[in-house]
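This is what each chain is made of:
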Amino acid sequence: MDGDPAVEPELDAFSLLLPLPYRIAVILVLGVWAWGVNLHYLSILKIDLPILIKYHTRTSSSIPPHHRRTYQLAATVTVPLIISILLFWIITHGQPALVLAWDILPQSFLFLLAVFFLLPFQRLSRTGRYRFLSTLKRVSIGGIAEADNGKFGDILLADVLTSYAKVLGDLFVSWCMLLSPGLSSTGKPDRNCGGAYMVPLIISVPSMIRLRQCLIEFLRVRNNPNKNATTGWGGQHLANALKYSSAFPVIVLSALQRGTNPNDFGMTEASLFRLWLFFVFLNSFYSFYWDVAKDWDLTLFAPSSVRNNPEHPWGLRRHQHFHSKQMYYGAILIDLMLRCTWSFKLSPHLDHFNDLEGSIFIMEFLEVLRRWLWIFFRVETEWVRTNRGPPAEDILLGDMMDSPMSPTFPK
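Definitions and cut-offs
- Residues numbered from 1 in each chain as written.
- Predicted model: local features only at pLDDT ≥ 70, side-chain atom pairs only at ≥ 80, totals over all residues.
- Heavy atoms only, no water.
- Disulfide = S-S within 2.5 Å.
- Helix = DSSP H or I, 4+ residues; strand = E, 2+ residues; numbered from the N terminus.
- Buried < 20%, exposed > 50% of the residue type's maximum accessible area, 1.4 Å probe, protein only.
- Salt bridge = Lys/Arg side-chain N within 4 Å of Asp/Glu carboxyl O.
- Phe/Tyr/Trp six-rings, centres within 6.5 Å; stacked < 30°, edge-to-face > 60°.
- Lys NZ or Arg CZ within 6 Å of the ring centre and 35° of its normal.
- pLDDT = per-residue confidence, 0-100.
- Contact = heavy atoms within 4.5 Å.

### Regarding the state of the cysteines
Applying the stated criterion across every chain, the model contains one disulfide. Note that Cys 176 is cross-linked by a disulfide to Cys 193, the S-S spacing being 2.0 Å. The sign of the S-S torsion, about -85 degrees, decides the handedness of the disulfide formed by Cys 176 and Cys 193: left-handed. Of this pair, Cys 176 sits in helix α9 (residues 165-179) while Cys 193 sits in the loop between α9 and α10 (198-223), and the two are 17 residues apart along the sequence. Among the residues examined, Cys 176 registers a relative accessible area of 15% and is labelled buried. With a relative accessible area of 5%, Cys 193 lands in the buried category.

Written out as structure tokens, the structure reads:
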């Protein structure tokens, strides 16, 4: 780029400081650090996450714990990122023309980050990196392992991908702009690059992955000759699939607001926006309910007799590994707030506003933070289920569907 004056003013101060490729890199690297903290704190609570995801255990006390190896991996990718950003600042001095011209520098780091995961160096957590890649390959098409072969790890990774949906969309935009004549990947993000519907399609892929996993689990239950009262008829998996499906109207309606005239299909702009807003709230609160009631097995939405059980704090559950009930209440509140925020972030039409680039990055960061927090309680719940079985007060959706007061469903 030669610094076209018609283009340079479009770069806001935040984009001059941290262009789109670097924002993507920062979010990805923070995800590695967050995983290390997950492993570390859960190990302090005596919760063995590697066992839950069927990862190999330490065979000797001389082998560093998993969280330490993850920290080493995170530090290894953080150092070149910091060097790259500092070098970019030194070269560009915040000048728009130079920022546009040196897009190859942040793109090189993203390329090296991808290559790094393929390096055969044992000291850089080769086993963990290869396990991640093999799991990613399986879940990328909606696959899911059997329960005794790492299913829980597949679910965790696929759920993490839903939190990185917008980051994946931005990653595509970044490379598309790099390869497009007349564009720079460090310029104002062109989220129509590749076509008006390409980015919304990429954003929807993680939800498609989890949707397919839920349907696979439903079919496994249906085809299992040993169905029992606990597994039910698989209705809970269908309800979970519906939760992920609720993200699609948000994404589709956002794309319609951005790229079409509502009058073409008999709607006003205001009515289209209200319809989009309805699905935003539906997706947000359905997902929030599922986090609390199903993923964390808390009784906040259970009948009052269960919610007020004297054997556990109000709205929680009997078996708890975290040291304070306030931690659970705080997690519930944070999850609610950030679930609502993230649903709005799914809207590509918000990107029309140039001064929102910094806000978009903050919202992406907050979603990674929310997922990091969610993992603690999701893993704790799985540990309780594995070691103590489903809580006595837990009412599975399958049991509810099979009750005499419920409609009849095919067995």
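Still more to cover.
### Re the pattern of salt bridges
The final tally for this structure, using the stated rule, is 18 salt bridges. The shortest N-O distance in the salt bridge between Asp 159 and Arg 210 comes to 3.3 Å. Note that Asp 159 is positioned in helix α8 (residues 151-163) and Arg 210 in helix α10, a separation of 51 residues in sequence. Taken as a pair, Asp 159 and Arg 210 share a single burial class, namely buried.

### Describing the packing of aromatic side chains
Under the definition given, this model contains 16 aromatic pairs. A centroid spacing of 5.3 Å and a plane angle of 40 degrees characterise the contact between Phe 273 and Trp 276, whose relative ring orientation is tilted. Within this pair, Phe 273 and its partner Trp 276 are both found in helix α13 (residues 269-295), separated by three residues, close to a single helical turn. Overall, the relative accessible area of 1% leaves Trp 276 in the buried class. With a centroid separation of 5.9 Å and an interplanar angle of 90 degrees, the aromatic rings of Phe 288 and Phe 301 are classed as edge-to-face. A residue pair is termed long-range when its members are at least 10 positions apart, and Phe 288 in helix α13 and Phe 301 in the loop between α13 and α14 (304-307) qualify at 13 residues. Take Phe 288: its relative accessible area is 8%, and that puts it in the buried class. By the ring-pair criterion, three or more aromatic residues cluster together here, those being Tyr 41, Trp 296, Phe 322, Tyr 328, Trp 372, Phe 376 and Phe 377. Here Arg 371 stacks its cationic end above the ring of Trp 374, 4.5 Å away from the centre of that ring.

### A short note on the confidence of the model for the protein chain
Scored by pLDDT, the protein chain has a mean of 84; 84% of the residues are at 70 or more. Mean pLDDT across the secondary structure elements of the protein chain bottoms out at helix α17 (residues 397-401), with 37, and peaks at helix α2 (residues 20-44), with 96. Below pLDDT 50 for its whole length, residues 351-355 participates in 10 contacts with residues either more than four positions away or in separate chains. Within the model, the stretch residues 392-411 combines pLDDT values under 50 with 30 contacts to residues more than four positions away or in other chains.

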